[in-house]
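Given next are the chains, with one letter for each unit.
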Amino acid sequence: QKEVEQNSGPLSVPEGAIASLNCTYSDRVSQSFFWYRQYSGKSPELIMSIYSNGDKEDGRFTAQLNKASQYVSLLIRDSQPSDSATYLCAVNMFESNTGKLIFGQGTTLQVKP
Amino acid sequence: GAVVSQHPSWVICKSGTSVKIECRSLDFQATTMFWYRQFPKQSLMLMATSNEGSKATYEQGVEKDKFLINHASLTLSTLTVTSAHPEDSSFYICSARGLQGARYEQYFGPGTRLTVT
């Protein structure tokens, strides 16, 4: 079983719709969770971090964490064509303070005008 | 977010030569930096964890004698690809971990595209 799993997609949504991206992880002691956006040919950009159960909102983005279900998601409201990218879920799985992140394989999002 | 730079952004070298890539945290101190490699249409693969003033910790399968990492200061880490071969051609990305408010977060550099001919 992979440590961090994402559906590779592509996930296609029309402009203005809500895009829902999901991620599951295997290690129950995980404490920190991150969503990165990566445009083709570019490096990842941090868009959200979440540490506690529940929802965290930042503009059009909402991260949701459920530690009991080992599940983290990212909602993008009012999706725009510029949101088309690969979204990487990353988890800091280890209790030691190294900050080492384990990445999922990424979900490709396509927002169609 | 915090700013991390990488230099060069792209490099072409001949097989057998060595290439050095620099990673700098510009507006924060990074006690830990990470080096990743990404092949086309694949996710990031962590190569090594670099802590300031100590030896890097390499992931399984990564040759430490081929990928030399130096973390000389809290703002600079370097990756040297020694005796490069065409299969080393990839997108190399560093990230720096720094304290943002009460939490540590990790920011990526823009990446270095290496082509070995």
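Rules used in this analysis
- Counting of residues starts from 1 at the beginning of each chain's written sequence and follows it residue by residue.
- All chains are assigned letters beginning at A, and all ligands numbers beginning at 1, according to the order in which they are written.
- Note on the predicted model: pLDDT of at least 70 is required for a residue's local features to be given, and 80 or more for side-chain atom pairs to be given and counted; whole-chain, interface and lining totals, by contrast, use all residues.
- Note that the side-chain values use all heavy atoms of the structure and ignore hydrogens as well as water.
- Note on disulfides: each one is a pair of cysteine sulfur atoms within 2.5 Å.
- Helix numbers and strand numbers start at the N terminus; a helix is a DSSP run of H or I with at least 4 residues, a strand a run of E with at least 2.
- Using a 1.4 Å probe on the protein chains alone, a residue whose accessible area is under 20% of its type maximum counts as buried, one over 50% counts as exposed, and one in between counts as partly exposed.
- For two strands to count as paired, DSSP must find a minimum of two bridges between them.
- Where helices are involved, their axes are fitted lines through C-alpha atoms of the stretch in contact, as for all axes, and angles between N-to-C directions lie from 0 to 180°.

*Asks:* Describe the state of the cysteines, with residues and values.
*Replies:* Residue and element names in this part refer to chain A. Going through the model one piece at a time under the given rule, you end up with 2 disulfides over all chains. Disulfide pairing is shown between cysteine 23 and cysteine 89; the S-S distance is 2.1 Å. Here the disulfide of cysteine 23 and cysteine 89 is left-handed, its torsion about the S-S bond being about -70 degrees. Linking cysteine 23 in strand β3 (residues 19–25) with cysteine 89 in strand β9 (residues 85–92), this pair joins segments that are 66 residues apart in sequence. Both residues of the pair, cysteine 23 and cysteine 89, belong to the buried class.

*Asks:* Describe the sheet that holds strand β3 (residues 19–25) of chain B, listing the residues and the values that go with them.
*Replies:* Sheets are built from strands that pair by backbone hydrogen bonding, the pairs being arranged parallel or antiparallel. Residue and element names in this part refer to chain B. One open sheet holds the 4 strands; their spatial order is β1-β3-β8-β7, and the pairing between them is antiparallel. Only two strands of the sheet have a single partner each, and these edge strands are β1 (4–7) and β7 (67–73). The average angle at which neighbouring strand axes cross in this sheet is 15 degrees, direction not considered.

*Asks:* I'd love a proper account of unusual backbone geometry, names of residues and values included.
*Replies:* At the junction of glycine 9 of chain A and proline 10 of chain A, the peptide bond is cis and its omega measures out at 10 degrees in the coordinates. Within the secondary structure layout, proline 10 of chain A lies in the loop between β1 (4–5) and β2 (11–14). The omega angle of the peptide bond from histidine 7 of chain B to proline 8 of chain B is 0 degrees, so this bond is cis rather than trans. As for its position among the elements, proline 8 of chain B is in the loop between β1 and β2 (10–13). Residues other than glycine seldom take positive phi values, yet serine 83 of chain B does so here, at roughly 45 degrees.

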